[in-house]
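Here is how the chains run, residue by residue.
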Amino acid sequence: MKIEFKKAPQTPKELEVEFNSVKIVGTFCKISQSLVKIDAKLIGNTDIDCCRCGITDNIELDEKLDFLLSDRIIKNDESEDLVIEIENGLIDFDEIIQGELEAIKSDYHICEQCSQNNDDFEKEF
Ligand SMILES: [Zn+2]
């Protein structure tokens, strides 16, 4: 789902976007001329590879997703919050979900089997 940045509501609006069986559920609203606040959760299921044995696990997601979107270039020292720049004046929620999934997949993940063998593994080093 895409919406025009300038059409983002001034008061929190319900948000529910699904992409590849993962959903963003929450609210979004404009907090200034060039900032949109997303206050949501990422829920659903995704495949993730165990970084030890390579087996693919399906994990349940329940992640808080709070960030700001801006249609301008934001200098990092301007805000403590995470600000994501959008392109072409469009907020692309599918792309946001995809980006989050990629970040989750690049995280360190160990399957159940390997975490049970964790003690043995640590002794090897
Ligand atoms: Zn494993």
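An unreviewed UniProt entry lists the protein under the name DUF177 domain-containing protein, from Poseidonibacter ostreae.

**Q** How would you sum up the pattern of salt bridges? Please name residues and give values.
**A** By the definition in use, this model includes 8 salt bridges. Of the charged contacts in the structure, one is a salt bridge between Asp-92 and Lys-2, with a shortest N-O distance of 3.9 Å. Residue Asp-92 is found in strand β7 (residues 90-92), and its partner Lys-2 is found in strand β1 (residues 2-4); the two are separated by 90 residues along the sequence. Under the relative-accessibility criterion, Lys-2 is labelled exposed at 52%. One network of salt bridges, with partners in common, ties together Glu-4, Lys-6 and Lys-7.

**Q** Outline the coordination of the zinc ion, listing residues and values.
**A** Coordination of the zinc ion by the protein involves Cys-50 (SG), Cys-53 (SG), Cys-111 (SG) and Cys-114 (SG), with metal-donor separations of 2.3 Å. Between the 4 donor atoms coordinating the zinc ion, the angles at the centre fall across 104 to 114°, so the site counts as tetrahedral. Read from N- to C-terminus, the donor residues coordinating the zinc ion fall into the pattern C-x2-C-x57-C-x2-C. Take Cys-111 and Cys-114: they sit in the same class, and that class is buried.

**Q** Which residues make up the nonpolar core, and what are the values?
**A** Ranked by size, the top nonpolar core spans 25 residues in total, and within it Ile-24, Ile-38, Leu-69, Ile-91 and Phe-93 carry the most contacts. Of all the elements in the fold, those that place two or more residues in this core are β2 (13-19), β3 (22-32), β4 (35-49), β5 (56-70) and α1 (93-105). Once residues lying within four places of it in the same chain are set aside, the contact partners of Ile-38 are Leu-15, Thr-27, Phe-28, Leu-65, Asp-66, Phe-67, Leu-69 and Phe-93.

How each quantity is defined
Residues numbered from 1 in each chain as written. Predicted model: local features only at pLDDT ≥ 70, side-chain atom pairs only at ≥ 80, totals over all residues. Heavy atoms only, no water. Salt bridge = Lys/Arg side-chain N within 4 Å of Asp/Glu carboxyl O. Helix = DSSP H or I, 4+ residues; strand = E, 2+ residues; numbered from the N terminus. Buried < 20%, exposed > 50% of the residue type's maximum accessible area, 1.4 Å probe, protein only. Donors = N, O, S within 2.8 Å, 3.2 Å for Na, K, Ca; no water. Tetrahedral: all angles 85-135°; square planar, octahedral: opposite > 155°, others 65-115°. Core = buried A, V, L, I, M, F, W, Y, C linked by side-chain atoms within 4.5 Å. Contact = heavy atoms within 4.5 Å.

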